Amino acid sequence: DYPTVKVDIRGIVLSDDQTKVLLAKESLDGKWSLPGGWADIGCSPKENIIKEFKEETGLDIIPGKLIAVFDKRMHDHPPEPFYVYKMIFYCKTISPQICKGFDIIDVQYFDIHNLPELSQNRILKSQIEMLARKIILSDYETYFD
């Protein structure tokens, strides 16, 4: 088989006042990330992010905009054996009750400028800040590398 890229699908949700971002604490490394994961075969990107949010946070969401597509090698992520594209959707919650999933340690909102230790394999501080800035400025044109 010809090697192909893996797709990581994540969603960003901001608090109502747009000062905080929702993060999930990953059980694999004990660090925080935007909710999401590998795209599943047979599910559209929209179906994937809805499923991942429900599994990790208990929240029902509406994915509104594809806000970024990052080529992982063009950012300061640690090395990985796979070539990865990261699709990030701007999402809005339609259910208020957070209920962490089985493979998640915790789910919380954090101040965008005071983030906890991030799972840098999954998301970077610079990426979260850029995504939040785009949302706050209503810049919904998709960023891509």
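Further up the page is the structure itself.
Keep in mind it's a predicted model, so treat the numbers as computed, not measured.

Rules used throughout
One numbering rule holds for all chains: residues counted from 1, following each sequence as written. Per-residue local features of the predicted model are confined to residues with pLDDT of at least 70, and side-chain atom pairs are confined, for both listing and counting, to 80 or more; whole-chain, interface and lining totals are unaffected and use all residues. Hydrogens and waters are ignored; side-chain quantities use all the structure's heavy atoms. Secondary structure is summarised from DSSP: a helix means a run of H or I of at least four residues, a strand means a run of E of at least two, and numbering begins at the N terminus for each. To get the radius of gyration, use the C-alpha atoms; to get the globule rule, take the number of residues to the power 0.38 and multiply by 2.2 Å. Pairs of residues are marked as contacts when any of their non-hydrogen atoms sit within 4.5 Å. Every accessible area reported is derived by Shrake-Rupley at a probe size of 1.4 Å, with residue values counting cover from the shown protein chains alone. Here Asp and Glu are counted as negative and Lys and Arg as positive; His is not counted, and neither are the chain ends. Charge placement uses NZ in Lys and CZ in Arg. For Asp and Glu, CG and CD serve respectively. Here the expected span of a helix is defined as 1.5 Å times the quantity of residues minus one. Each residue is placed in one exposure class: buried if its accessible area under a 1.4 Å probe, protein chains only, is under 20% of its type's maximum, exposed if it is over 50%, and partly exposed if it falls in between. Regarding the arc, it is the one traced by the directions from the helix axis to the C-beta atoms.

Student: Explain the overall build of the chain to me, using residue names and the numbers behind them.
Tutor: Within the chain one finds two helices and eight strands. Reading the chain from its N terminus to its C terminus gives the helix and strand order β-β-β-β-α-β-β-β-α-β. Here the chain has a C-alpha radius of gyration of 14 Å; the compact-globule value for 145 residues is 15 Å, and the two agree. In the chain, once contacts between residues fewer than 6 apart in sequence are set aside, the share between residues at least 24 apart is 72%. Carbon and sulfur atoms provide 53% of the accessible area of the chain, an area that totals close to 8100 Å². Charged side chains in the chain number 18 positive and 23 negative. The centres of these two groups are separated by 1 Å.

Student: Can you tell me about helix 1 (residues 45–57), naming the residues and giving the values?
Tutor: Over its 13 residues, helix 1 extends 18 Å from the first C-alpha to the last, a length consistent with the 18 Å expected when each residue adds 1.5 Å. Every buried residue of helix 1 is accounted for by Asn-48, Ile-49, Glu-52, Phe-53, Glu-56 and Thr-57. Projected onto a plane normal to the axis of helix 1, the buried residues spread over an arc of 125° and lie on a single side. Looking at the buried residues of helix 1, the elements they touch are strand 1 (6–12), strand 2 (20–26), strand 4 (36–38), strand 5 (61–71), strand 6 (84–93) and strand 7 (104–111). Downstream of helix 1 by one or two residues, Gly-58 has phi in the positive range, about 80°.

Student: Quick one: what's the story with helix 2 (residues 125–136), residue by residue and with numbers?
Tutor: Side chains three or four residues apart in an α-helix point the same way, a direct result of the helix having 3.6 residues per turn. With 12 residues, helix 2 extends 16 Å from end C-alpha to end C-alpha; this agrees with the ideal 16 Å at 1.5 Å per step. If you check which residues of helix 2 are buried, you get Gln-127, Ile-128, Met-130, Leu-131, Ala-132, Lys-134 and Ile-135. Against strand 1, strand 2, strand 5, strand 6 and strand 8 (143–144) lie the buried residues of helix 2. Looking one or two residues beyond helix 2, the residue adopting positive phi is Ser-138, at roughly 55°.

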